[in-house]
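The lines below spell out each chain.
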Amino acid sequence: MRPRVVVTRDIGKEPLARLAELADVVLLPAGWTTSALIKELQTSEALLCNVTDTIDRELLRACPGLRIISNYGVGYNHIDVAYANERQIIVTNTPGVLTEATADLTWALLLDVSRRVSEGDRFVRQGRWAGWEPLFMLGREVSGKSLGIIGMGRIGKAVAERAKGFRMRVVYCSRTRLPLEQEASLGVTFANLEQCLSEVDYVTIHCPYTPETHHLIGAAELSKMKSTAYLVNTARGPIVDEQALIVALKEGRIAGAALDVYEDEPHVPEALRQMEQVVLAPHLGSATFETRLAMADLAVRNLTAYFQGETPPHVVTG
Ligand code: DGY
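Here the structure is a predicted model, which means the values were calculated and not measured. Numbering of residues starts from 1 in each chain and follows the order in which that chain's sequence is written. Restriction of local features to residues with pLDDT of at least 70 applies here, the model being predicted, together with a cutoff of 80 or more for giving and counting side-chain atom pairs; totals for whole chains, interfaces and linings are based on all residues. To obtain the side-chain values, all non-hydrogen atoms of the structure were included, while hydrogens and water were left out.

Observations concerning the overall build of the chain
In DSSP terms, a helix is any run of H or I states spanning at least four residues, a strand is any run of E spanning at least two, and both are numbered starting from the N terminus. Summing up its helical and strand segments, the chain has 13 helices and 13 strands in all. For 318 residues, the compact-globule formula gives about 20 Å, and the C-alpha radius of gyration of the chain, at 21 Å, lands near that figure. The dimensions of the chain, computed from C-alpha atoms along their principal axes, are 70 × 50 × 35 Å. Looking at the chain as a whole, 48% of its 318 residues are labelled buried. The long-range fraction of contacts in the chain, counting pairs at least 24 apart against all pairs at least 6 apart in sequence, stands at 59%. Surface accessibility in these figures is a Shrake-Rupley result with a 1.4 Å probe; residues are shielded only by whichever protein chains are displayed. Carbon and sulfur atoms provide 53% of the accessible area of the chain, an area that totals close to 15500 Å². We compute the radius of gyration from the C-alpha atoms alone; for a globule the expected value is 2.2 Å times N to the 0.38, where N is the number of residues. A simple rule labels every residue: compare its accessible area, found with a 1.4 Å probe on the protein chains alone, to the largest value its type can have, and call it buried under 20%, exposed over 50%, or partly exposed in between. Contacts are assigned to residue pairs that have any heavy atoms within 4.5 Å of one another.

Here it is, written out as structure tokens:
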């Protein structure tokens, strides 16, 4: 009998066609509810989901036949992996393929907030621009400044590579220190979190979201940053205490923030939306044609390997 796979969102015709060669594919309609998902999973052993789908203990308990969850994305904090593993459900993700796109977006946001690009765009569109002025809309120069990278995995390293082009001094903190040769080739210096916050002009977050990194950046951490510094977050929203960030921005304790992720997506607090010194993107880190196709390919490859009786290439454990 052919296996059945439930897909929570359209990931493109070709990847779905490849999946359909080996399994019956059930693509859920837009706006599906958790009960509809659970209903479909009663007769399916496989699920292809993404970052916006909460796959918690309650859902897993309600789906006794589920054997594999293929996550279309690298971050898997929305899945209770530990419980899935306990139930012998395989969980896979799509690492590597979104590194460059996410690092590019990090730099797009960093440059945007520092040079006030989005703010200037709004100004022009509103018909408010009256002409060039020596002291008009000045931002802060990025070249030659310092950068603190929190989390030195694949994306942190790709961000550091790009910093070379801006001749920046880069410090990083991470659970594990890089080998010295790698630090030298990336041009980065190992530091603690405090140094990563207090000594730099830009702080950028690239660690995974786990119970340990929940609100890693709160009021106390923000108060360590320079008042001229910017915070960039393209990792996960809840790593930053959003309310503390709003207060720090309102009180001018930091110069600005550029965010791609939020505590309660897609909700973005009104206070953030009102601030000119904040750049807001709608979780676009991996949103390029090339990367999304590669993510779909990998998510499908993880499933097809399983259907063919092989170990999927990217299994994660909790
Ligand atoms: C991921 O893969 O974790 C990204 O956040 C999705 O773009």
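Observations regarding the packing of aromatic side chains
Any Phe, Tyr or Trp ring, taking Trp's six-membered ring, that has another such ring centre within 6.5 Å forms a pair; planes under 30 degrees apart are called stacked, those over 60 apart edge-to-face, and the others tilted. Taken as a whole and assessed by the stated rule, the structure comprises five aromatic pairs. Here tryptophan 107 and phenylalanine 166 contribute two aromatic rings whose centre-to-centre distance is 4.8 Å and whose plane-to-plane angle is 5 degrees, an arrangement assigned as stacked. Within this pair, whereas tryptophan 107 is found in helix H5 (residues 99-115), its partner phenylalanine 166 is found in the loop between helix H7 (154-164) and strand S7 (169-173), the two being separated by 59 residues in sequence. Seen in terms of ring centroids, tyrosine 202 and tyrosine 230 are 5.5 Å apart; in terms of plane orientation they differ by 10 degrees. Their pairing is stacked. Of this pair, tyrosine 202 sits in strand S9 (residues 202-205) while tyrosine 230 sits in strand S10 (residues 230-233), placing them 28 residues apart in sequence.

A word on the nonpolar core
If you look at the biggest cluster of nonpolar residues, it comprises 46 residues, and the most contacted ones within it are Leu19, Leu48 and Leu147. Top contributing element to this core by residue count: helix H13 (residues 289-307), with seven residues. If near-sequence neighbours (up to four positions away) are discounted, leucine 19 is found in contact with Val5, Val7, Val25, Leu48, Val300, Leu303, Thr304 and Phe307. Judged by nonpolar contacts, the second largest core, of 31 residues, contains Val200, Met225, Ala229 and Ala244. Here, the term nonpolar core denotes a set of buried Ala, Val, Leu, Ile, Met, Phe, Trp, Tyr and Cys residues that are joined through side-chain atoms within 4.5 Å.

Here's the deal with the sheet that holds strand S12 (residues 278-280)
The pairing of strands in a sheet comes from backbone hydrogen bonds and takes either a parallel or an antiparallel form. Two strands are said to pair when DSSP picks up at least two bridges between them. Here seven strands make up an open sheet; going across it, the order is S8-S7-S6-S9-S10-S11-S12 and the pairing parallel. The outermost strands of the open sheet, each flanked by one partner alone, are strand S8 (188-190) and S12. Averaged over neighbouring strand pairs, the angle between their axes works out to 20 degrees when direction is ignored. Taken together, the three bridges between strand S11 (residues 256-259) and S12 define a ladder with parallel strand orientation. In the strand pairing of S12, alanine 258 is matched with valine 279. Comment: axis = line fitted to C-alpha atoms, over the contacting stretch for helices; angle = value between 0 and 180 degrees taken between N-to-C directions.

Examining unusual backbone geometry
Across the junction of glutamate 265 and proline 266, the peptide omega takes the value 5 degrees, indicating a cis bond. Relative to the elements of secondary structure, proline 266 occurs in the loop between S11 and helix H12 (270-274). Phi is positive for glutamine 88, which is not a glycine, with a value near 60 degrees. Structurally, glutamine 88 can be placed in the loop between helix H4 (81-86) and strand S5 (90-92).

Notes on the sheet that holds strand S4 (residues 68-72)
Strand order in the open sheet made by the six strands is S2-S1-S3-S4-S5-S13, with mixed pairing throughout. Strands with a single pairing partner mark the edges of an open sheet, and in this sheet they are strand S2 (24-27) and strand S13 (315-316). Pairing of strand S3 (residues 46-50) with S4 involves five bridges; the strand directions are parallel. Within S4, the residue paired with asparagine 50 across the bridge is tyrosine 72. Each of strand S1 (4-7), S2 and S3 touches helix H1 (residues 13-20); the most contacted strand, S2, lies at about 140 degrees to it.

Notes on the UniProt feature "domain: D-isomer specific 2-hydroxyacid dehydrogenase catalytic" (unreviewed entry) in the chain
UniProt positions are given in the numbering used here, feature names are shortened, and annotations may be inferred rather than shown by experiment. In the UniProt entry, the feature "domain: D-isomer specific 2-hydroxyacid dehydrogenase catalytic" (unreviewed entry) is given for residues 5-316. Counting secondary structure, residues 5-316 comes out at 37% helix and 16% strand; the distance between its end C-alpha atoms is 19 Å.

Observations concerning the packing of H5 against H7
At a minimum axis distance of 9 Å, the contact between H5 and H7 shows a crossing angle of 50 degrees. Comparing their axes, H7 and H5 come out oblique. As for the relative orientation of H5 and H7, their crossing is right-handed in sense. For the pair H5 and H7, the contacting residues are Thr99, Glu100, Thr102, Ala103, Asp104, Thr106 and Trp107 in the first and Arg154, Ile155, Ala158, Val159, Arg162 and Ala163 in the second. Grouping the constituent residues of the contact of H5 with H7 by class yields six nonpolar, three polar and four charged. Angles are sorted into four bins: roughly parallel if under 35 degrees, roughly antiparallel if over 145, roughly perpendicular if 65 to 115, and oblique for all others. Here a crossing is called left-handed whenever its near helix is offset anticlockwise from the far helix by less than a right angle, and right-handed whenever the offset is clockwise. Asp, Glu, Lys and Arg are counted as charged, while Ala, Val, Leu, Ile, Met, Phe, Trp, Tyr, Cys and Pro are counted as nonpolar; the rest, among them Gly, fall into the polar class.

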